[in-house]
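An overview of the molecular structure
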Amino acid sequence: MSTLYFATAAKSAVGLVRAGNEDSALTSRSLVAVADGMGGHAAGEVASRIAITTLARESEVFTQKAVDVESADDLYSSSLPLIDATIAEYAIENPELTGMGTTLSSLFLRNGEVAALHIGDSRIYRLRGNSFEQLSTDHTVIQELLDQGAITEADVATHPQRSVLTQVLMGDGRNQIALSIYEAKADDRFLLCSDGLSGAVTDKEMKVILKGKARGTAVDALIDAAYINGAPDNVTAIVADLLDNNIHE
């Protein structure tokens, strides 16, 4: 039986430009998630909160040890359309929130593996030894253009469609997202963040901050780095260390 668990530190900040914070986050020993809402006014905050509260509620079932891995993965995956449907229902009841949406990036630790459920442009990174890798793929027009070779990384910062998402939870029921499964290794360090961090701090800077720092110190330093670089958006970061009960407790 796996004895691995997430030990986490998390922080969220408004940034230097936005009036409110539309990000939401979730941390536990087996599930971590970041959601970045959109829609203006209170709409984005509502959408991201729906995503996190719905996922947290569903996790009360799929994180139970008595649930087999296949069933747990099915329930975990089904939380995405459930969130989407809840957003649609809420918008019908509150027409002023029509058009709201949210990203969602999450990791579920089970049976010696980590399952990732991701939609939008919030990101999931893994630091393993000296290797720092982005596990998630942005669901953006920019990423599609990069994949096609139509633009280069140098074009991203000034491209007029740099903020356009191709998939997001906004109640339209059109998303097709599959789980990604990764081997879980003790001492892996994961970073989940909204694009307020990844858009302001380079991958190289993030790696330097994450290496050799305690997770709480690392989270503080990541947020500070976003502020130093202008923090034009809300910025949320979760550092989740994969620890072994038999060693650390």
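A brief report on the enclosed structure follows. (Residues numbered from 1 in each chain as written. Predicted model: local features only at pLDDT ≥ 70, side-chain atom pairs only at ≥ 80, totals over all residues. Heavy atoms only, no water.)

1. Section: the pairing of strand β5 (residues 104-110)
Judged by how many residues are buried, β5 sits mostly within the fold: seven of seven residues are covered. Taking the residues that link successive antiparallel strands as the turn, the β5-strand β6 (residues 113-119) hairpin has two residues, and the phi of Asn111 there is positive, at about 55°. (Buried < 20%, exposed > 50% of the residue type's maximum accessible area, 1.4 Å probe, protein only. Helix = DSSP H or I, 4+ residues; strand = E, 2+ residues; numbered from the N terminus. Pairing = 2+ DSSP bridges.)

2. A closer look at the nonpolar core
Core analysis: the largest hydrophobic core is formed by 25 residues, its most contacted members being Leu55, Tyr76, Met100 and Leu104. At eight residues, the largest contribution of residues to this core is made by helix α1 (residues 43-62). Not counting chain neighbours up to four residues away, the residues in contact with Met100 comprise Met38, Gly39, Ala43, Val46, Ala47, Ile50, Ile87, Tyr90, Ala91, Leu169 and Met170. Within the second largest apolar cluster, 23 residues are counted, among which are Leu197, Leu222, Ala226 and Val239. (Core = buried A, V, L, I, M, F, W, Y, C linked by side-chain atoms within 4.5 Å. Contact = heavy atoms within 4.5 Å.)

3. Concerning the packing of aromatic side chains
In total, this model carries five aromatic pairs according to the counting rule given. On the basis of an interplanar angle of 90° and a centroid distance of 6.1 Å, the ring pair of Phe6 and Phe190 is categorised as edge-to-face. Linking Phe6 in strand β1 (residues 4-13) with Phe190 in strand β10 (residues 189-193), this pair joins segments that are 184 residues apart in sequence. Phe190 matches Phe6 in its accessibility class, with the two residues each being buried. Centroid distance Phe62 to Tyr76: 5.3 Å. Interplanar angle 50°. Geometry classified as tilted. Placement of the pair is Phe62 in helix α1 and Tyr76 in helix α2 (residues 69-93), with a sequence separation of 14 residues. We classify Phe62 as buried; its relative accessible area is 1%. Its relative accessible area of 0% is what places Tyr76 among the buried residues. (Phe/Tyr/Trp six-rings, centres within 6.5 Å; stacked < 30°, edge-to-face > 60°.)

4. Observations regarding helix α7 (residues 215-228)
For α7, which comprises 14 residues, the first-to-last C-alpha distance of 20 Å matches the rise-based estimate of 20 Å (1.5 Å per residue) to within 8%. Those residues of α7 that sit buried are Ala218, Val219, Ala221, Leu222, Ile223, Ala225 and Ala226. Considering only its buried residues, α7 is in contact with β1, β10, α5 (195-198), α6 (203-210) and β11 (235-244). Phi for Gly230, located one or two positions after α7, is positive at around 105°. (Expected span 1.5 Å × (residues − 1).)

5. A few points about the side chain of Thr140
Mapping Thr140 onto the fold places it in the loop between β8 (131-134) and α3 (141-148). Aside from chain neighbours lying at most four places away, what touches Thr140 is Asp121, Val164, Leu165 and Thr166.

6. Observations concerning the environment of Ile238
Looking at the element boundaries, Ile238 is found in strand β11. Given the relative accessible area of 0%, Ile238 is considered buried. Taking the C-alpha atoms as reference points, Ile238 and Ala218, 20 residues apart in sequence, are found 9.6 Å from one another. Non-local contacts of Ile238, meaning those with residues more than four positions away in its chain, are made with Thr8, Ala9, Ala10, Ala25, Leu26, Thr27, Val32, Ala33, Val34, Phe190, Leu191 and Leu192.

7. Overview of the pattern of salt bridges
Using the criterion set out here, one finds 12 salt bridges in the structure. For the salt bridge of Glu45 with Arg49, the shortest nitrogen-to-oxygen distance reads 3.8 Å. Of the two residues, Glu45 and Arg49 both sit in helix α1, four residues apart, roughly one turn of that helix. Two residues, Asp138 and Arg123, come together in a salt bridge whose shortest N-O distance is 2.6 Å. Linking Asp138 in the loop between β8 and α3 with Arg123 in strand β7 (residues 123-128), this pair joins segments that are 15 residues apart in sequence. Residue classification places Arg123 among the buried residues on the basis of a relative accessible area of 17%. Salt bridges sharing common partners tie together Asp73, Arg110 and Glu113. (Salt bridge = Lys/Arg side-chain N within 4 Å of Asp/Glu carboxyl O.)

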